[in-house]
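Coordinate analysis (summary)
Here's the letter readout for the chains.
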Amino acid sequence: MKEALLFSYEVACDGTLLEGSRLVVTDVPIEVFCPVCKVPRTLKSMQWFCCPECGTATSEILHGKELVITALELKQ
Amino acid sequence: MTTEPRLLAVRKNVLKQNDVLARALRERFRAQGTSVISLVSSPGTGKTALLERTLTLLKENYRVAALVGDLATENDALRLARSGVPVKQITTGTICHLEAAMVERALEEWSIGPLDLLFIENVGNLVCPASYDLGEDLRLVLLSVTEGEDKPLKYPTIFNSADAAVITKCDLAVAVDFDEVTALANIQAVRPAMPAFLVSSKTGQGLSNYLQFLTATLHAKLHVPADEASSHAEIRSGTSR
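Details of the overall build of chain A
On a plain count of helices and strands, chain A comes out with 1 helix and 4 strands. Reading the secondary structure of chain A in the N-to-C direction produces α-β-β-β-β. What you see for chain A is a C-alpha radius of gyration of 18 Å, clearly larger than the 11 Å of a compact globule of 76 residues, by over 25%. Taken along its principal axes, the extent of the C-alpha atoms in chain A is 55 × 25 × 15 Å. A separation of at least 24 residues holds for 29% of the contacts in chain A among residues at least 6 apart in sequence.

A look at the sheet that holds strand 1 (residues 31-33) of chain A
Neighbouring strands of a sheet are bound in pairs by backbone hydrogen bonds; such pairs are parallel or else antiparallel. All names here are of chain A. With antiparallel pairing, 3 strands are arranged side by side in an open sheet as 2-1-3. The sheet is open, and its two edges are formed by strand 2 (40-42) and strand 3 (61-63), each paired on a single side. Taking the axes of each pair of neighbouring strands and ignoring which way they run, one obtains an average angle of 40° across the sheet.

Examining the pairing of strand 7 (residues 164-168) of chain B
All names here are of chain B. In terms of burial, strand 7 is largely enclosed, as 5 of its 5 residues are buried. Here strand 7 shows two buried faces, one formed by Ala-164, Val-166 and Thr-168 and the other by Ala-165 and Ile-167. Alignment of strand 6 (residues 138-144) against strand 7, held across 5 bridges, turns out to be parallel. By the bridge assignment for strand 7, Leu-140 is matched with Ala-164. Bridging between strand 7 and strand 8 (residues 196-198) involves 3 bridges; their strand directions are parallel. Looking at the pairing, Ile-167 lines up with Leu-198 of strand 8. Following the backbone out of strand 7, through helix 7 (residues 180-190) and into the adjacent parallel strand 8, one traces a crossover that is right-handed.

With respect to the interface of chain A and chain B
Across the contact, 21 residues belong to chain A and 24 residues belong to chain B. Contributions of two or more residues to the side of chain A that touches chain B are made by strand 3 and strand 4 (68-74) of chain A. At 7 residues, the largest contribution of residues to the side of chain A that touches chain B is made by strand 4 of chain A. For the side of chain A that touches chain B, the residue count by class is 12 nonpolar, 5 polar and 4 charged.

Details of the packing of helix 1 (residues 16-32) of chain B against helix 4 (residues 100-108) of chain B
Between two packed helices, both the angle of their axes relative to each other and the distance between the axes serve to describe the pair. All names here are of chain B. At their nearest, the axes of helix 1 and helix 4 sit 8 Å apart, and the two run at 40° to each other. Classified by the angle between their axes, helix 1 and helix 4 sit oblique to one another. Contact residues: Asn-18, Leu-21, Ala-22 and Leu-25 in helix 1; Ala-100, Ala-101, Val-103 and Glu-104 in helix 4. Here the contact of helix 1 with helix 4 is built from residues that sort into 6 nonpolar, 1 polar and 1 charged.

Examining the confidence of the model for chain B
All names here are of chain B. Per-residue pLDDT for chain B has a mean of 90; in total, 90% of the residues score no lower than 70. Per-residue pLDDT stays below 50 along residues 237-241; that stretch engages in 11 contacts with residues further than four places along the chain or on separate chains. On the interface metric, ipTM, the complex scores 0.75, and its pTM is 0.86.

Calculation rules
- Residues numbered from 1 in each chain as written.
- Chains lettered and ligands numbered in written order.
- Predicted model: local features only at pLDDT ≥ 70, side-chain atom pairs only at ≥ 80, totals over all residues.
- Helix = DSSP H or I, 4+ residues; strand = E, 2+ residues; numbered from the N terminus.
- Rg over C-alpha atoms; globule rule 2.2 N^0.38 Å.
- Contact = placed C-beta atoms within 7 Å.
- Pairing = 2+ DSSP bridges.
- Axes fitted to C-alpha atoms, helices over the stretch in contact; angles between N-to-C directions.
- Buried ≥ 20, exposed ≤ 12 C-beta atoms within 10 Å, placed from the backbone.
- Right-handed = clockwise from strand over helix to strand, strands pointing away.
- Nonpolar A, V, L, I, M, F, W, Y, C, P; charged D, E, K, R; others polar.
- Parallel < 35°, antiparallel > 145°, perpendicular 65-115°, else oblique.
- pLDDT = per-residue confidence, 0-100.

See the structure below:
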């Protein structure tokens, strides 16, 4: 996903005002809510939806599905 | 003149347009009393075969119809039409998944009476359809015994976006040494507590449990307030938080 975004961003910017600009992608780790510990936990692997501390299975995703343009950095 | 770069906060969800349309569709379906079930899988898993059986069996008791996405051909729509229920094709051209706007457009062009159940068969693809909410109540992810038990681990995102898994072509399980226990464990690993069904569209094996699950979902929807009904689907699209 990230590679596809970076590649197509450059192509889309060609010949526009944005030509030469840089796309900076920040990965958001997958955070789930553990129903036993009652706190958010960061997953170690996308193949294993379990609390890394107590091992309880959980499907409740709090973060990690974001695909958001957060900000533009401009030179004056 | 300052040389410090200026940071301008934007915070714009890239898939927002699709999510807004999907939410409107969900609201419309709810108002009409129509439950919507979508099917996603690799090409060749047996979405069309399962759907043909499903439509044939459900049409006795429910008003059912199907939308089917395909890149180029009408083959799947023609197969589904054999069930005798209304079927409409969405040709996506070069696009590898369905989007909410395509569903909306197809419904506009389609003069069809009130429905209890609308099925949406997505384009065969285990990657892109995961990101596009279609306004469905229930997303089924299919996996055939010939594909290997580790499909859920290879494509966790789509399995995670689904509400139930269906393992198809079980009549071939012995021939391909399919390890049912491992497959079910892999599904649970990427989507804990997701119901899973083992079926054969060819022999009819396992279809009654699967159909019971679908109709129970339909009946549950009729008695659930709108807010609750839409909550999971919005979590799926990642926009509610």
